[in-house]
Amino acid sequence: MCTVHIARIVHMTHRTSTPARHLPTLTLVNLAPITRTHVLAALAEFDRLGRAAFLAAYGFAEARQYFVHHEGRYYDSKAVVGAAYGHATGRPLTADEFSGGRQTVARLLESLGFTVTDGTGPTRDLVQALTSLRVQPTDAGPARHQPIVVLWAMGRAVRGRARLVRWSEARVELRGLLREYGRDGARPSAEYPLLALARHDFWEMSGYAGERPAAHGEPRGWMDAQDPRGGLAAWAAEAVQVSPATRDGVTALLGARFFDGAVPEELLRDVGLGPVSTALGAQPPSPVEEYVRRCAAIRAAERAGHHERRRIDVREARVRSSASVQAVLLRSGGRCENPACAGQPDDVTRDGAPLLEVDHVDDHAAGGRDHPAAMVALCPNCHAVKTRGRGGERLREVLRAEARERHVAWYPGDEAVSG
Ligand SMILES: [Zn+2]
């Protein structure tokens, strides 16, 4: 199984062009409105949402070949262009509306001054770096400290833990792993592998002053005094986090090179990588992914006519269209969404839920849309002001803008509200 993963990655790396897809119905979209500013806005959005949510929001699959490489990170090029088009024109392009690849997307991005990498991007770079990872030879085989530290960092990424870890903390976490899974007789000291990894692009060491010592001699005193932070570079951590293929490929490679075939299952479990094939599947979706999923479901229901604007009581609507309500609660993070909220009660409901009421900004009965983009979560105080207060009308205007703004921030590619 491991060989299969490696073979797949090598194959992808060596492929120089994708077979041309002929889609006679594909309309040629003029990408000319897109400027560098629009692309930068799309990249910022990608950074803010994370890769998985960005791709989900705009409805793109993971790129296989062309990536924008910008300030040390990789971005799926076609999805970025689709999103940038939205910033330029008010309506993002969907994946079906234009073709990706060298002649369209890569050419446009390069003409705007961006670097486009041809290959499998982060996966390729990570695999290449680990293939050439140089470690100390021992009588029993190549030393395992560096691969163990890489696996430890991958486990942190997959579980969403802080990417950069202070030496004082990392030292404690790594000691047991190095003792347990390192070569017999190797000292379980983490300063050597951490300093050796710091020479690579996929690793980051920061938070220290002056010159970093080499990974030999007695660097321990320097590490103790400086207490630097170390971990996977942001792009590498993200690649491992979002792509099971990357994680499997890297794990298989490390197993083949350093562990006589495969990384021991106990080690994978100890670092939190679990069974390789299911590690990501077991992760609950992020709130943003969940929000996008719910909004997409509401949209589908609207289209099918199951979610139309019926004249129903707001309280009834709250019970009936729980998809919208749940999405808004998710977005609120448990806090009143009125930007001018004077403070929500510092208590929770008897079930432990936040004291919030999800409300249509414009009364649903009067035609207000039953959609998260037109709804807000309010604390009882703000809800009372909106429905009964003298400032109700003014607040309603604020909330109308707020609901839309929050929605677009969480689901920037939503065609239901753009344009
Ligand atoms: Zn409030």
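In the block above lies the structure referred to throughout.
Model, not experiment: these values are computed from the prediction.

> Looking at this model, I keep getting lost on the overall build of the protein chain. Mind explaining?
Of the regular secondary structure elements, the protein chain holds 18 helices and 10 strands. Carbon and sulfur atoms make up 51% of the accessible area of the protein chain, which amounts to about 20,800 Å² in all.

> Teacher, can you tell me more about helix H17 (residues 380–388) here?
Each α-helix winds once per 3.6 residues, and so residues spaced three or four apart point in a common direction. Every buried residue of H17 is listed here: Cys382, His383 and Lys386. When H17 is viewed along its axis, its buried side chains cluster within an angular range of 100° and face the same direction.

> Where do I start with the coordination of the zinc ion in this structure?
For a metal bound by four donors in a tetrahedral arrangement, the ideal donor-metal-donor angle is 109.5 degrees, while six donors in an octahedral arrangement ideally sit at 90 or 180 degrees. For the zinc ion, the protein coordination sphere consists of Cys336 (SG), Cys341 (SG), Cys379 (SG) and Cys382 (SG), at 2.2 to 2.4 Å. The site at the zinc ion holds four donor atoms, and with the angles between them running 105 to 117°, its shape is tetrahedral. In primary-sequence terms, the residues that donate to the zinc ion follow C-x4-C-x37-C-x2-C. Of this pair, cysteine 341 sits in the loop between helix H16 (322–332) and strand E9 (357–360) while cysteine 379 sits in the loop between strand E10 (375–378) and H17, and the two are 38 residues apart along the sequence.

> When you look at empty space enclosed by the protein in this model, what are you seeing that I'm missing?
Regions of empty space are outlined by a rolling probe, equal in size to a water molecule, passed over the atoms. Per the counting criterion, the structure on display carries two cavities of 30 Å³ or more. Of the volumes computed, that of the largest cavity is approximately 70 Å³. Considering the residues around the largest cavity, the lining is formed by Phe46, Arg51, Phe67, Arg73, Tyr74, Asp76, Pro122, Trp235, Glu238, Ala239 and Val242. A breakdown of the residues in the lining of the largest cavity according to their chemical character gives seven nonpolar, no polar and four charged. Counting the residues that make up the lining of the largest cavity, at least three belong to each of domain 1 (5–118) and domain 2 (122–271). Computed from the structure, the second largest cavity encloses a volume of approximately 40 Å³. What lines the second largest cavity is Val165, Trp167, Ala170, Leu194, Met205, Met223, Pro228, Arg229 and Gly230.

> What is the right way to read the pattern of salt bridges from this model?
A side chain with one charge may pair with a side chain of the opposite charge, provided their charged atoms come close. For the structure shown, the criterion picks out 14 salt bridges. Of the charged contacts in the structure, one is a salt bridge between arginine 331 and glutamate 337, with a shortest N-O distance of 2.8 Å. Accessibility classification places arginine 331 together with glutamate 337 in one group, the buried group. The partner of arginine 394 in a salt bridge is glutamate 397, and the shortest N-O contact between them spans 3.8 Å. Of this pair, arginine 394 and glutamate 397 both sit in helix H18 (residues 392–410), separated by three residues, roughly a single helical turn. The exposure class of glutamate 397 is partly exposed, given its relative accessible area of 46%. Among the charged side chains, a salt-bridge network with shared partners connects Arg331, Glu337, Glu402 and Arg406.

> Please explain the pairing of strand E2 (residues 73–76) as it appears in this structure.
Strand residues, when the strand is regular, have side chains that alternate between the two faces of the sheet. Both faces of E2 are covered, namely the face carrying Arg73 and Tyr75 and the face carrying Tyr74 and Asp76. Relative to E2, strand E1 (residues 66–70) runs antiparallel, the two being bridged by four bridges. Bridge assignment links histidine 70 to a residue of E2, and that residue is arginine 73.

> Even after reading the chapter, I still don't get helix H7 (residues 145–158), so can you show me in this structure?
End to end, H7 covers 20 Å across 14 residues, agreeing with the expected 20 Å (1.5 Å per residue, within 8%). Of all 14 residues that make up H7, 14 are buried, and the element is covered over most of its length. In the segment just after H7, glycine 160 is the residue with positive phi, at about 70°.

> Just to check I follow, could you spell out the sheet that holds strand E7 (residues 203–206) for this structure?
The strands that make up a sheet pair up through hydrogen bonds in the backbone, lying either parallel or antiparallel. Taken together, three strands build an open sheet; the order of strands is E6-E8-E7 and the sheet is antiparallel. Of all the strands in the sheet, just strand E6 (165–166) and E7 have a single pairing partner and so form its edges. As defined by bridge partners, E6 adjoins strand E8 (residues 229–232) across two bridges and the pair is classed as antiparallel. In the sheet register, valine 165 faces E8, and the bridge partner there is glycine 230.

> I tried to follow unusual backbone geometry on my own but got confused; where do I start?
Excluding glycine, most residues fall at negative phi; most peptide bonds, likewise, are trans. The phi torsion at aspartate 227 lies on the positive side, around 50°, for a residue other than glycine. Within the secondary structure, aspartate 227 sits in the loop between helix H10 (220–226) and E8. Its relative accessible area of 19% is what places aspartate 227 among the buried residues.

> When you look at the nonpolar core in this model, what are you seeing that I'm missing?
A general feature of soluble globular proteins is that nonpolar side chains tend to end up buried together. Core analysis: the largest hydrophobic core is formed by 50 residues, its most contacted members being Trp152, Phe202 and Trp203. Counting residues per element, this core draws most heavily on H7, which supplies nine residues. Apart from residues lying up to four places away in sequence, phenylalanine 202 is in contact with Leu126, Ala129, Leu130, Leu133, Val150, Leu197, Gly231, Leu232, Ala233, Trp235 and Ala236. One finds Leu55, Ala57, Val81 and Ala327 within the second-largest nonpolar core, a separate group that totals 38 residues.

> Whenever I open this one, the side chain of serine 189 confuses me. Can you help?
Its place among the elements puts serine 189 in the loop between helix H8 (167–181) and helix H9 (191–197). Take serine 189: its relative accessible area is 11%, and that puts it in the buried class. Once you skip the residues sitting within four places of it in the chain, serine 189 turns out to touch His145 and Leu178.

> When you look at the packing of helix H2 (residues 36–49) against helix H3 (residues 51–58) in this model, what are you seeing that I'm missing?
Each pair of packed helices can be described by the angle between their axes along with the distance between the axes. Here H2 crosses H3 at 120°, and the two axes come no closer than 6 Å. By the angle between their directions, the pair H2 and H3 is classed as oblique. Classified by chirality, the crossing of H3 by H2 is right-handed. Residues Ala42, Glu45, Phe46 and Leu49 of H2 form the contact with H3, whose own contacting residues are Arg51, Ala53, Phe54 and Tyr58. Its residues assigned to classes, the contact of H2 with H3 shows six nonpolar, no polar and two charged.

Parameters at a glance
Residues numbered from 1 in each chain as written. Predicted model: local features only at pLDDT ≥ 70, side-chain atom pairs only at ≥ 80, totals over all residues. Heavy atoms only, no water. Helix = DSSP H or I, 4+ residues; strand = E, 2+ residues; numbered from the N terminus. Areas by Shrake-Rupley, 256 points an atom, 1.4 Å probe, with all protein chains shown as cover. Buried < 20%, exposed > 50% of the residue type's maximum accessible area, 1.4 Å probe, protein only. Arc of directions from axis to C-beta. Donors = N, O, S within 2.8 Å, 3.2 Å for Na, K, Ca; no water. Tetrahedral: all angles 85-135°; square planar, octahedral: opposite > 155°, others 65-115°. 1 Å grid on protein atoms, 1.4 Å probe; cavity = no way out; pocket = protein on both sides within 12 Å on 5 of 7 lines; lining within 4 Å. Points joined across faces, edges and corners; volume = space filled by probe spheres on them. Nonpolar A, V, L, I, M, F, W, Y, C, P; charged D, E, K, R; others polar. Domains from an automatic or database assignment. Salt bridge = Lys/Arg side-chain N within 4 Å of Asp/Glu carboxyl O. Pairing = 2+ DSSP bridges. Expected span 1.5 Å × (residues − 1). Core = buried A, V, L, I, M, F, W, Y, C linked by side-chain atoms within 4.5 Å. Contact = heavy atoms within 4.5 Å. Axes fitted to C-alpha atoms, helices over the stretch in contact; angles between N-to-C directions. Parallel < 35°, antiparallel > 145°, perpendicular 65-115°, else oblique. Left-handed = near helix turned anticlockwise from the far one by under 90°.

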